[in-house]
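Here are the chains, one letter per residue:
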Amino acid sequence: VDVPFVPPALVEVNDLAAAMDDFFPPVAPPLPVNRRVRDGAGRDWQRLADSADIRRYRWTATRARDTTAVARDTVTLRISEATREVSQLRLDARGVPIGWTRELVTDVTSRGGGRAVQATVRQRIVVRALP
């Protein structure tokens with residue numbers, strides 16, 4: 001999978017390479033109803049019961065990242081970031097996405113200079129295809 005190149009200076013402000021992930025869902029794996037599988041990107045997929053010719057899927061994913069940064073030229077910060085995602089996808093009879101939701105919870109903890117700061121960001125993204 002290719003993603004757009006984003007210069008490092010811009011990534012520090014906002015990583016736009018993943019911006020379109022909210023608008024284009026991942027491709028659902030071929031699964032029978034009530035079965036589960038893990039894909040190559042680390043998502044755990046589950047096929048939910050169909051509803052009126054609509055195929056429904058759910059996926060979950062967990063990502064963690066630890067980094068170190070220097071603030072104010074002297075203070076070393078240890079940064080831990082953990083993201084949990086629970087998302088659902090609905091496909092029509094032809095397999096075309098008609099709607100999906102993404103629910104993400106990101107916890108970030110920064111430690112340095114004898115202090116710790118923790119922040120939690122909760123996002124709910126809803127996308128519906130127009131007829």
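Anyway, here's the lowdown on the structure attached to this text. What you are looking at is a predicted structure, and each value in this text was computed from that prediction instead of being measured.

Focus on the side chain of Arg 102
In this fold, Arg 102 is placed in strand 5 (residues 97-112). When its relative accessible area of 11% is taken as the criterion, Arg 102 is described as buried. A distance of 2.9 Å separates the side chain of Arg 102 from the side chain of Glu 85, its partner in a polar contact. Those residues in contact with Arg 102 that sit more than four places away from it in its chain are Asp 21, Asp 22, Arg 63, Glu 85, Val 86, Ser 87, Gln 123, Arg 124 and Ile 125.

Some thoughts on the environment of Asp 44
With respect to the secondary-structure elements, Asp 44 resides in strand 2 (residues 44-47). Here Asp 44 falls in the partly exposed class, since its relative accessible area comes to 33%. On a C-alpha basis, the gap between Asp 44 and Val 86 in space is 9.6 Å, while along the polypeptide they are 42 residues apart. Residues within four places of Asp 44 in sequence aside, it is in contact with Val 37, Arg 38, Arg 58, Trp 59 and Thr 60.

Overview of the sheet that holds strand 4 (residues 75-91)
Read across the open sheet, the six strands follow the order 1-2-3-4-5-6; overall the sheet is antiparallel. Either end of the sheet is taken by a strand with one partner, and the two such strands are strand 1 (36-38) and strand 6 (115-128). This sheet shows a mean twist of 15° between the axes of neighbouring strands, independent of strand direction. Pairing analysis gives 17 bridges linking strand 3 (residues 55-71) to strand 4, with the strands arranged antiparallel. Of the residues in strand 4, the one forming a bridge with Thr 60 is Val 86.

Quick notes on the pairing of strand 4
Alignment of strand 4 against strand 5, held across 14 bridges, turns out to be antiparallel. What sits directly across from Leu 91, in strand 5, is Pro 97. Taking the residues between adjacent antiparallel strands as the criterion, strand 4 and strand 5 are bridged by five residues, where Gly 95 takes a positive phi near 90°.

Cut-offs and rules
Residues numbered from 1 in each chain as written. Predicted model: local features only at pLDDT ≥ 70, side-chain atom pairs only at ≥ 80, totals over all residues. Heavy atoms only, no water. Helix = DSSP H or I, 4+ residues; strand = E, 2+ residues; numbered from the N terminus. Buried < 20%, exposed > 50% of the residue type's maximum accessible area, 1.4 Å probe, protein only. Polar contact = N/O pair within 3.5 Å; in protein donor to acceptor, adjacent residues only side chain to side chain. Contact = heavy atoms within 4.5 Å. Pairing = 2+ DSSP bridges. Axes fitted to C-alpha atoms, helices over the stretch in contact; angles between N-to-C directions.

What is shown is where atoms sit, not what they do.
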